[in-house]
Amino acid sequence: MTAPLRLGTRGSALAMAQSGQIAEALTAATGRPVELVEVVTAGDRSNAPVHRLGVGVFVSALRDALTARTIDFAVHSYKDLPTAAAAGLHIAAVPARQDPRDALIARGGRTLAELPPGATIGTGALRRIAQLHALGLQLEVTPIRGNVDTRLGRVLGPEADLDAVVLARAGLARLGRADVITETLDPMLMLPAPAQGALAVECRIDDQDLVELLAVLDHAPSHTAVTAERALLATLEAGCSAPVAAYAELAEGEDGDEIYLRGAVISPDGTRDLRLSRTGTPADAAEIGKALAAELLELGADSILGHEGHTGPGTQQFGSTE
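These remarks concern the structure in this document. (Residues numbered from 1 in each chain as written. Predicted model: local features only at pLDDT ≥ 70, side-chain atom pairs only at ≥ 80, totals over all residues. Heavy atoms only, no water.)

A few points about the overall build of the chain
- When you go through the chain residue by residue, the secondary structure sums to nine helices and 13 strands.
- Counting all 322 residues of the chain, 51% fall into the buried class.
- Considering only residue pairs separated by 6 or more positions, the chain has 71% of its internal contacts joining residues 24 or more positions apart.
- Accessible area for the chain stands at about 13,200 Å²; split by element, carbon and sulfur atoms hold 50% of it. (Helix = DSSP H or I, 4+ residues; strand = E, 2+ residues; numbered from the N terminus. Buried < 20%, exposed > 50% of the residue type's maximum accessible area, 1.4 Å probe, protein only. Contact = heavy atoms within 4.5 Å. Areas by Shrake-Rupley, 256 points an atom, 1.4 Å probe, with all protein chains shown as cover.)

Comments concerning the sheet that holds strand β4 (residues 89–93)
- Strand order in the open sheet formed by five strands is β2-β1-β3-β10-β4, with mixed pairing between adjacent strands. This sheet does not close on itself; its edge strands, each paired only once, are β2 (34–38) and β4. Shown here is a sheet whose adjacent strand axes are inclined to one another by a mean of 35°, direction ignored.
- Alignment of strand β1 (residues 5–9) against β2, held across five bridges, turns out to be parallel. (Pairing = 2+ DSSP bridges. Axes fitted to C-alpha atoms, helices over the stretch in contact; angles between N-to-C directions.)

Details of the nonpolar core
- The biggest cluster of nonpolar side chains holds 20 residues, and the ones touching the most others in it are Leu-232, Leu-236, Val-244, Leu-261, Val-265 and Leu-296.
- Breaking this core down by element, the ones donating at least two residues are α7 (220–236), β11 (244–253), β12 (256–266), α8 (285–298) and α9 (301–309).
- In terms of nonpolar packing, the next biggest core, distinct from the first, is built from 17 residues, Phe-73, Ala-93, Leu-210 and Val-211 among them. (Core = buried A, V, L, I, M, F, W, Y, C linked by side-chain atoms within 4.5 Å.)

Focus on the pattern of salt bridges
- Taken as a whole and assessed by the stated rule, the structure comprises 14 salt bridges.
- In this structure, Arg-63 and Glu-202 form a salt bridge, with 3.0 Å as the shortest nitrogen-oxygen distance. Taken together, the positions of Arg-63 in helix α2 (residues 60–67) and Glu-202 in strand β10 (residues 199–204) put the pair 139 residues apart, joining distant regions of the chain. Grouping residues by exposure puts Arg-63 and Glu-202 together as buried.
- A salt bridge links Arg-154 to Asp-161, with the shortest nitrogen-to-oxygen separation between them at 2.7 Å.
- Relative accessible area serves as the criterion here: at 25%, Arg-154 is assigned to the partly exposed category.
- Exposure remark for Asp-161: the relative accessible area of 42% places this residue in the partly exposed category.
- Put simply, Arg-6, Asp-72 and Arg-204 are held in one network by salt bridges that share partners. (Salt bridge = Lys/Arg side-chain N within 4 Å of Asp/Glu carboxyl O.)

Some points on the pairing of strand β3 (residues 73–77)
- The element β3 is extensively covered by neighbouring structure, given that five of its five residues are classed as buried.
- Of the two faces of β3, the one holding Phe-73, Val-75 and Ser-77 and the one holding Ala-74 and His-76 are both buried throughout.

Re the pairing of strand β7 (residues 140–143)
- Pairing of strand β6 (residues 120–123) with β7, which is carried by four bridges, proceeds in the parallel orientation. Its bridge partner lying in β7, Thr-120 is registered against Glu-140.
- Considered for its hand, the β-α-β crossover made up of β6, helix α3 (residues 126–134) and β7 is right-handed. (Right-handed = clockwise from strand over helix to strand, strands pointing away.)

A few points about unusual backbone geometry
- Residue Gln-138 is not a glycine yet carries a positive backbone phi of 60°.
- Phi is positive for Ala-195, close to 70°, though the residue is something other than glycine.
- Take Ala-195: its relative accessible area is 1%, and that puts it in the buried class.

Let's talk about the side chain of Arg-127
- Relative to the assigned elements, Arg-127 resides in helix α3.
- Those residues within four positions of Arg-127 in sequence are excluded, and the remaining contacts are Asp-102, Met-190, Leu-191, Pro-192, Ala-193, Gln-196, Pro-243, Val-244 and Ala-245.

Topic: helix α4 (residues 148–156)
- Val-148, Arg-151, Leu-152 and Val-155 are the residues of α4 that are buried. Looking down the long axis of α4, one finds its buried residues gathered within 95° of arc, a one-sided arrangement.
- If you follow the buried residues of α4, they end up packed against β5 (102–106), β8 (164–168) and α5 (169–174). (Arc of directions from axis to C-beta.)

Remarks on a negative patch on the surface
- A contiguous patch of negative charge, built from Glu-252, Glu-254, Asp-255, Asp-257 and Glu-258, is present on the exposed surface.
- Here Glu-252 shows up in strand β11. (Patch = residues over 30% accessible without salt bridge, like charges linked within 9 Å, V, L, I, M, F, W, Y side chains within 5 Å. Lys, Arg positive; Asp, Glu negative; His and termini not counted. Charge placed at Lys NZ, Arg CZ, Asp CG, Glu CD.)

Considering the side chain of Ser-222
- Structurally, Ser-222 is set in helix α7.
- Given a relative accessible area of 6%, Ser-222 falls into the buried group.
- Setting aside residues up to four positions removed in sequence, Ser-222 forms contacts with Val-94, Pro-95, Ala-96 and Arg-97.

Digging into the sheet that holds β12
- Taken together, the three strands give an open sheet; going across it, the order is β11-β12-β13, and neighbouring strands pair in antiparallel fashion. Two strands bound the open sheet, and with one partner strand each, they are β11 and β13 (273–280). This sheet shows a mean twist of 15° between the axes of neighbouring strands, independent of strand direction.
- Relative to β11, α7 is tilted by about 145°, and along the sheet it contacts β11 and β12.
- In the packing of α8 onto the sheet, the strands contacted are β12 and β13, and the crossing angle to β13 comes to about 150°.

Dropping the structure here:
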């Protein structure tokens, strides 16, 4: 019998759920059995705000396990990955992306516009905090940490102390908790993090048989969209405390498929909010991302990034999907 492939995953309910879904999809497509191997990361051992933990806190232990050959491949929330490539490793597939938008969960089924001035809203991402401030709704925005259930408990539990929280819609959907969402936020209000809702399936680049096997999981439109978003991010060379957002969509144009990329750089207090968009062909996804980043820099994005700590290539960290 063929030995099971060892899939490394974080141990949170969300990570286990999305890794389990990938394992099932790979077995269904190839017949290869897969076993989950839990790997504890630095981010899992700390309750500090994500942007203070450093880069790669949710992925470095998984990558170490890949390099040490104690696992065969790993599944990451793509937005957790630093933009710099990891030596000897390869993103073999980007499966079909879940809805990348953010979701509001509020008491009384309220929407964002229905929250009264002074309402307390919690989120773990500086990108969301910055955009909530930029909306000028006079909300009290509170940084929070914890897994999905912990965050939902701050609004829906018996000891709820917040009026609302904002989470990634993809994580709630993967856990079967989309029913708690009171509003899926329009990207015009809350532009997602680059690669939000996407997974990255990573293995060793020298394991060519596995590279080819995992390719069956790849979803070309999702891979293309993420390529554009991540190229923008890498070109901006954004530090971990600079809120950067990007969202690429593929649509049919007059001359074939087109990619439409929106990007934004927002100061944490919401007072500076640069937003631009660009279109092109899917084959040019990376170049579109680079060009849009260059336009944002020309408009002064570098001063926002510099003020918040410009730390060089490959350093962007958005924190866990949770």
